[in-house]
Amino acid sequence: MSALLHINENRVLQLLDWDKVFHVIEGALESVASNHVIQSARSVIDLKETNFMFVMPGKLRDDNGETLGCKIACHFPGNTTLPPLMANILLMDALTGELQAVIAATGITAWRTAAASAVATKYLHNENNKILAIIGAGAQGRIHAICLSYFFKFKEVRVWNRNRERAVRLVTELSNDSKWKCSFKACETVQSCLSDADVVVTTTGTDVSIVKLDWLKPSAHINGVGLDCREIDDEVYKAANVYIDHWDGAKEELKHLIDIGIQFKGQIGDLIRGSIKPPPKNSLTIFQSLGMAVEDCAVARMIYDLHMQNK
């Protein structure tokens, strides 16, 4: 048996690259629609006191061959010196099942989620991207601001958070980075953040609807991130063309939308493959992003290959 490789978080962050991650996530989404993956809805274990652990196994066949992996993640929102999400991916030989590497995946989880939103935005929103609105200034809000600014060159990025100081800190951090050519703004209200925004990202995880239809531009695109995306009001879903990352996850984890009559237009991978038509021009669109095991597998494989090439 080969020696087990461990790739720590610092090394992962050295190897992550937006263009590479976008490419493998686009490929993973297309592979889902092409039935070249094996995965199921995540298994969640309640650890009490708001803590939980989830397990996401999957197998993917793409341009890099076959990849077999399993992400194990713990969500401990009370963490102070550590991130609330602690994740690792077990990468295995797809032919034998032998464990090849344990790859730290807190950064991978953030990057692949934001990259999936970027891919969805590419295929669902073909308007001039001038204003980006981020609802929630946590880890996902931050990485989405960075990712979408990188790919779409917004002129203005707005951030709202329930604790405004957190939004101000994020805006200050981003404003101090000289590589960005856009302006960053911390908003007082959700409505002012959403007003005339071309692209919206919701990352709060709240069970209270705070994104209202009347506040949205009729041609806006929304990336709804996370398992319990209740911050988007039901009337927004009813007015929008709603797309998902994978059917199995949607049927299991988006029952609350199905129960109010929402009919998903298709998977993002279906758009990539061209097997379904894109939404009408200037329409309101939503990408409901649950996250998938094969996204983790694809990025873990990329990290493994880059690490082995650059040891």
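Our subject is the structure listed above.
Below or above, wherever it landed, is the structure these notes cover.

Definitions and cut-offs
Residues numbered from 1 in each chain as written. Predicted model: local features only at pLDDT ≥ 70, side-chain atom pairs only at ≥ 80, totals over all residues. Heavy atoms only, no water. Helix = DSSP H or I, 4+ residues; strand = E, 2+ residues; numbered from the N terminus. Rg over C-alpha atoms; globule rule 2.2 N^0.38 Å. Buried < 20%, exposed > 50% of the residue type's maximum accessible area, 1.4 Å probe, protein only. Contact = heavy atoms within 4.5 Å. Areas by Shrake-Rupley, 256 points an atom, 1.4 Å probe, with all protein chains shown as cover. Lys, Arg positive; Asp, Glu negative; His and termini not counted. Charge placed at Lys NZ, Arg CZ, Asp CG, Glu CD. Phe/Tyr/Trp six-rings, centres within 6.5 Å; stacked < 30°, edge-to-face > 60°. Lys NZ or Arg CZ within 6 Å of the ring centre and 35° of its normal.

1. Here we look at the overall build of the chain
No. 1: Helix and strand counts for the chain stand at 11 helices and 15 strands.
No. 2: Its C-alpha atoms give the chain a radius of gyration of 19 Å, within 12% of the compact-globule value 19 Å for 311 residues.
No. 3: C-alpha extents for the chain along the principal axes are approximately 60 × 40 × 40 Å.
No. 4: Among the 311 residues that make up the chain, the fraction classed as buried is 54%.
No. 5: Of the contacts formed within the chain by residues at least 6 apart in sequence, a portion of 67% connects residues at least 24 apart.
No. 6: Surface exposure of the chain reaches about 14300 Å², of which carbon and sulfur atoms provide 50%.
No. 7: Here the chain carries 33 positive and 36 negative side-chain charges, and the mean point of each set is 4 Å from the other.

2. A word on the packing of aromatic side chains
No. 1: One pass over the full model with this rule turns up 7 aromatic pairs.
No. 2: Pairing Trp18 with Trp111 gives two aromatic rings, centres 3.8 Å apart and planes at 15°, and the pair type is stacked. One end of the pair, Trp18, is in helix H2 (residues 18-33); the other, Trp111, is in helix H3 (residues 106-124), with 93 residues separating them in the sequence.
No. 3: What makes Trp18 buried here is its relative accessible area of 8%.
No. 4: Seen from their ring centres, Trp247 and Phe264 are 6.4 Å apart, and the 55° between their planes marks the pair as tilted. Of this pair, Trp247 sits in helix H8 (residues 247-253) while Phe264 sits in the loop between helix H9 (255-258) and strand S14 (266-267), placing them 17 residues apart in sequence.
No. 5: The class of Phe264 is buried, set by a relative accessible area of 12%.
No. 6: Members of the aromatic cluster, connected to one another through ring pairs, are Trp18, Phe22, Trp111, Tyr150 and Phe151.
No. 7: Over the aromatic face of Phe54 sits the side chain of Arg42, whose NZ or CZ is 5.9 Å from the ring centroid.
No. 8: In this arrangement the basic side chain of Lys153 is found over the ring face of Tyr150, its NZ or CZ atom lying 5.1 Å from the centre.

3. Let's talk about unusual backbone geometry
No. 1: Even without a glycine there, the phi angle at Asp196 is positive, about 65°.
No. 2: Position of Asp196 among the secondary structure elements: in the loop between helix H6 (190-194) and strand S11 (199-202).

Remember that the coordinates give geometry; whether it matters functionally is a separate question.
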